[in-house]
Amino acid sequence: MNLALTILIDGVIYASWLFIVALGLTLVFGVLRILNFAHGGLYALGAYSAAVTVGWFTGHGLDGWFTILAMFIAALAVAVIVTPIIERGLLRFFYGRDEVLILLVTYAVFLMLEDITKLIFGVDPYYVFEPRTLLGNVEIGSLFYVGYDLALIGTAIVCGLAVWLGLRRTRIGKVTLAVIAEPEVAATMGVNVSRIHLLAFGLGVFLAALGGALTAPLISVQPGISVSVVIVSFAVVIIGGLGSIPGAAIGALIVGIARSFAVYKVPEAEIFIIYLVMVVVLIFRPEGLFKPIQARRI
Amino acid sequence: MNNTLKVVVIGAIAALALMALGFAMPRWLLFTATKAVAFGIVALGIVTLMRGGLVSFGQGMYYCVGAYASGQLAARYGVTDAFILLIVGGLGSGLIAAVVAPLVARYRGIFFAMLTMALSMVLYGVLAKINAIGGSDGFNLPKPTFAGFAPQDGASDIALYAVAVATASLCAVLCRLYYDSRPGLIALASRENELRVEYLGASVFAVTARNFIIAGVLAGLGGTINAMALGHVDPFFSYWTTSGEFVFIAILGGYASAIAVFGAALITELVRSFSGSYFPDSWQLLLGIFLLAVIVFLPLGFGSLWARRRVTPPPADEEIRS
Amino acid sequence: MKIAYKALLSGLLGATALTCGSAAMAQDDTLKIGVVTFLSGQAAQSFGVPAADGGKLLVAKMNAGEVPAPFDTVGMGGMQIELVLIDEAGGATVQVQEFRNLVQRENVDVVVGYVGSGDCLAVAPVAEELKQFTILYDCGTPRVFETAEYDYVFRTAAHASMDNIGLARYLKAQGTEVSTFAGINQDYAFGQDSWADFTAAMAQIYPEAEVAAALFPAFGAGQYGTETSALMSAQPDIVHSSLWGGDLQAMVLQALPRGLFQRSEVVLSAADHILPPLGKQMPEGVVIGARGAYGFLAPESDLNTWWFDAYEAEYDVMPVQAPYRMAQALLGLKVAVEKAMADNGGTKPTSEELAAAMQGSTWDSPGGLIEMANANGHQAIQPTAFGKTVKDAEGNIVLEDIVRFDARCVNPPTDVIALDWINEGFPGAQCD
């Protein structure tokens, strides 16, 4: 089979996974100016939660397509439980503070989540097998791809479009854009800014947890899965431009295809290819590919 | 007494007092203190950058370059003199920082942090591939000597601690003098408002580049001290978690003071070590709580405890737009 | 400024006073062992926690005198054993510091630890400097004793060259035909060394075979879709991997439905620990190594039966390589302690006495005879075994076609660098 096509398919599947995780990250930054390090911990919580929920569903005879539903419910549950604790209980006290300081706050949350997850779920691995068997296999050239993996591409597109259109076409989305542009003015116009913050952060948590839930069938859910995810998705949103949804999509595609190319052509470089891409992009586009407009302070 | 003399005298007295204290310390604390002092020197570099409004998440890179340069000199060519190694480590990392400085000096905020981090991760990846210098496992280096002396056992630990304290004091004094000098104050001004600084005729780019090179040299010195103390160097020195630890210490110390970082480094090391020993299953939880507590209760770092008058906290909402 | 220095000084003094006061003095009727292994992060589930669990169980049994003969004396030489557990996470820098804390602050008598090769390499010279008897129980790199000599440092398990030499020998013993092979190994020293040892051994045993692909995913990558495609495109006869833990499980789960395991024979050098958690998801026909004759691969003996049953009864899961390796370290330590006490009149042995007692010693472990034969009596060699996965009558995965290798068939002779030994064609290898 054509090598370029293989590289492209593998790269796009990986990019889809990255995009689902990075979407929440870039959204939270866009609205709240928080680069959320705890995103990785929330991803892990989503994976654990999905494993438990899917197990509960199949235990009650709800198998087959219900397991997919179970994964979405699991991600939603994480968002509903965790968002008020982290956003209301902690982050809102830091709004307007230095971005790097808030990054450290979320790093502290990440550290705490690592141990809290371990205290809740233990160190033994959890598995979710069924969802990945639902869509069968697809033969492309001489290779077999799992339908579930290919469906991730569709899921990523749906998630991205939903958030993007939601921000532009719905009332609450437009209000959110107003809050992003001018929080003070929005507040004087009667917008409940803290409610917008809560919703945006909640959506970010949901997307992180969804990323984890959708990944759970591909992995053994156990301690340590959160770390590499967060750094790679940082790279994606930085490449794309912080706060930009199309940027995150392009960033994920660039990272995914570059990594895929490295695996085939220069496997020795796989370990640092992502960072190399990030450096190159930042050199030519100092604030990422899609730079949000900012006012100058005089 | 003029300011320069005052700072130098205080620095010298502090150095001597801390060295004397080394003899009273239990040996494990001596090692932890040496490591903390080295971390403090690296964090001092970040503090220097912070005064210009920037935080580097990639100081691990210069820490690593210093450690590898001096470590290779010691392991491969048998040069074990601590002073030569310090000079080589500091200059080596300073050189690399000087090459990188023009590249990164244009960047601000989170992009500066992330670009420096990405660069350090590229170095990590490259070093992990070079088997001639130990690959990802790194390499060991011999015990340092001190101007011809090769103290044994405990004496060697004390000697290295003394060298670390002397280096740190020298760096702290020089940084203090630099902070209070005209170029140093321009950095502080550009933290508040870059545009105004430019209109006044100063170059923010030059200030940032200079601060970055200073931070690189400091990181290289810290890396060299830790390479000598540990007897081992590996690419993990350049990993983002290492850089994260330096930022952690710098934020804890705060940008107001050139010495608070050393206290912050020691306290961080002790908290991490004791929680790791007594709560091996939940030390990350405790470290997270500690970090949050400091950020909440001491938003400007430990330095703000005694340097309140030097800096005023920024208003809660500093977004003043044109 | 003045106040600043005062604050710093008083902080330092306070810390000193606090810790001097709390440092407990070691007592003569207890042996305090510092155990260092991964309790968090990626190696916790597969290696660290099972090893710590195995250590706790064996120490409890020793303290109660319930281990079968010849280990049936109470504790170690009559002394009760106390464990101090430390997390190995954080890299070599942190581990050197924690090692010093264990020795100088916690006053442990012995340190047993280290899964990470980098941690072993960094800690060994410090142990030597502090004259602290130390057992490296797990790490794989051959470099520890190949590049330095130590008096106080011992490794009670064979290094990782054995695992990959053994794999190549196993393929030959099974009559597998290999014309092309590929590898997927993590991009850090253990993965790179494993691949180098395996390709060198294959060059000797299968001189005609060619490398079809060599992939190096990052440690903890978690996503192996692209690697699977690359391996399947290359269509090698054999796919070699030293992946372990969550990474290996993810690789298996992702590659299995895509048919990698049908297209190529997969040989895994350190994979036994994924069999219990993966259960029926594990494919058949995969060659499995355990870094020793452990678990399914363990030789029959009363000691092994006791250990296997005791562990399974306590933790409801079979023991895999990690607890076996911890057990063989602790059993060897018990032998050394008791030998030293027989020589010194029954007082608690010093580090020097322990080192003298352990040097060149041999003892039975659940995984077979451990011989401290290499590196001047500091590096163990041990027999190993490999097997192939198959479903039993109930559909559970077990191992069949088990082939055992004598310790001297797969470990280099003393003072020979492992890779040189392979490249020279295994001179002096004793395979029966």
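All values reported here derive from a predicted model rather than from experimental measurement. Residue positions within a chain follow its written sequence, with the count starting from 1. The lettering of chains begins at A and the numbering of ligands begins at 1, in the order of writing. Under the rules for a predicted model, residues below a pLDDT of 70 receive no local features and side-chain atom pairs below 80 are neither given nor counted, while totals for whole chains, interfaces and linings still include all residues. Side-chain numbers come from the whole structure's heavy atoms, not from hydrogens or water.

K.L.:
Looking at this structure, I do not really get the domain arrangement of chain C. What am I missing?
P.N.:
Interfaces are often sized by the amount of accessible area the parts lose when they come together. Residues and elements named next belong to chain C. Those domain boundaries reflect an automatic or database domain assignment. Partitioning chain C into structural domains gives domain 1 (8–159 + 300–381) and domain 2 (161–299 + 383–423). The C-alpha-based centres of domain 1 and domain 2 are spaced at 28 Å. Buried area: the sum, over both parts, of the accessible surface (1.4 Å probe) that disappears when the two are put together. Of the roughly 2,700 Å² buried at the junction of domain 1 and domain 2 (both faces included), carbon and sulfur atoms supply 55%. Arg-408 serves as the salt-bridge partner of Glu-371, at 3.0 Å between the closest nitrogen and oxygen. Polar contact is the term for a pair of N or O atoms within 3.5 Å; when the atoms are in protein, one must be able to donate a hydrogen and the other to accept it, and sequence-neighboring residues count only if both atoms are side-chain atoms. In this structure, the connection of domain 1 to domain 2 is made through 14 residue pairs in polar contact (both at pLDDT 80 or more). Counting from the N terminus, the helices are the DSSP runs of H or I reaching at least four residues and the strands are the DSSP runs of E reaching at least two. Counting residues per element, the side of domain 1 that touches domain 2 draws most heavily on strand S12 (residues 368–374), at five residues. Only Asp, Glu, Lys and Arg are considered charged in this grouping, and only Ala, Val, Leu, Ile, Met, Phe, Trp, Tyr, Cys and Pro are considered nonpolar; every other residue, Gly among them, is considered polar. Looking at the side of domain 1 that touches domain 2 residue by residue, the class counts come to 16 nonpolar, 14 polar and five charged. Any Lys or Arg side-chain nitrogen found within 4 Å of a carboxyl oxygen on Asp or Glu counts as a salt bridge.

K.L.:
What should I look at first to understand the interface of chain B and chain A in this one?
P.N.:
On the chain A side, the residues contacting the 46 residues of chain B number 46 residues. When the two sides are added together, the surface that chain B and chain A hide from each other amounts to roughly 4,500 Å², 73% of it contributed by carbon and sulfur. For the chain B face of the interface with chain A, the top three residues by lost area are B:Ile110, B:Phe111 and B:Trp240, together amounting to 15%. Along the contact surface separating chain B from chain A lie zero salt bridges. In this assembly, chain B and chain A are joined by six residue pairs in polar contact (both at pLDDT 80 or more). Only helix H5 (109–129), helix H8 (194–199), helix H10 (240–253) and helix H12 (283–297) of chain B provide two or more residues apiece to the side of chain B that touches chain A. Any two residues whose heavy atoms approach within 4.5 Å are treated as being in contact.

K.L.:
Sorry if this is basic, but what is going on with the packing of aromatic side chains here?
P.N.:
Both the distance between ring centres and the angle between the ring planes are used here to describe each pair of aromatic rings. We call Phe, Tyr and Trp rings a pair once their centres come within 6.5 Å, taking the six-membered ring for Trp, and we label the pair stacked below 30 degrees between planes, edge-to-face above 60, and tilted otherwise. As enumerated under the stated definition, the model contains 42 aromatic pairs over all chains in all. Pairing A:Tyr48 with A:Tyr126 gives two aromatic rings, centres 5.4 Å apart and planes at 80°, and the pair type is edge-to-face. In this pair, A:Tyr48 is assigned in helix H2 (residues 39–59) and A:Tyr126 in the loop between helix H4 (99–121) and helix H5 (130–133), connecting sequence segments 78 residues apart. The class of A:Tyr48 is buried, set by a relative accessible area of 2%. Measuring from centroid to centroid gives 6.0 Å for B:Tyr239 and B:Trp240, while their planes differ by 35°, and the two rings are tilted. In textbook terms, an aromatic cluster arises when at least three aromatic residues are bridged by ring pairs, as seen for A:Phe37, A:Tyr107, A:Phe110, A:Phe234, B:Tyr124, B:Phe236, B:Tyr239 and B:Trp240. The buried label applies to any residue whose accessible area, calculated with a 1.4 Å probe on protein chains only, is under 20% of its type's maximum; exposed applies above 50%, and partly exposed to all values in between.

K.L.:
How should I be thinking about the side chain of B:Thr208 in this particular structure?
P.N.:
Residues and elements named next belong to chain B. In this fold, Thr-208 is placed in helix H9 (residues 204–230). A polar side-chain atom of Thr-208 sits 2.8 Å from the main-chain carbonyl oxygen of Val-204. Residues within four places of Thr-208 in sequence aside, it is in contact with Leu-49, Leu-54, Ala-105 and Arg-108.

K.L.:
Looking at this structure, I do not really get the pairing of strand S8 (residues 238–241) of chain C. What am I missing?
P.N.:
Side-chain positions along a regular strand alternate between the two faces of the sheet. Residue and element names in this part refer to chain C. Both faces of S8 are covered, namely the face carrying Ile-238 and His-240 and the face carrying Val-239 and Ser-241. Strand pairing is assigned whenever DSSP detects at least two bridges linking the two strands. Relative to S8, strand S6 (residues 180–184) is paired through four bridges, and the arrangement is parallel. Each residue of the ladder has a partner; that of Ile-184, found in S8, is Ser-241. Here S8 runs beside strand S9 (residues 265–268); their pairing, made up of four bridges, is parallel. Directly across from Ile-238, in S9, lies its bridge partner Glu-265.

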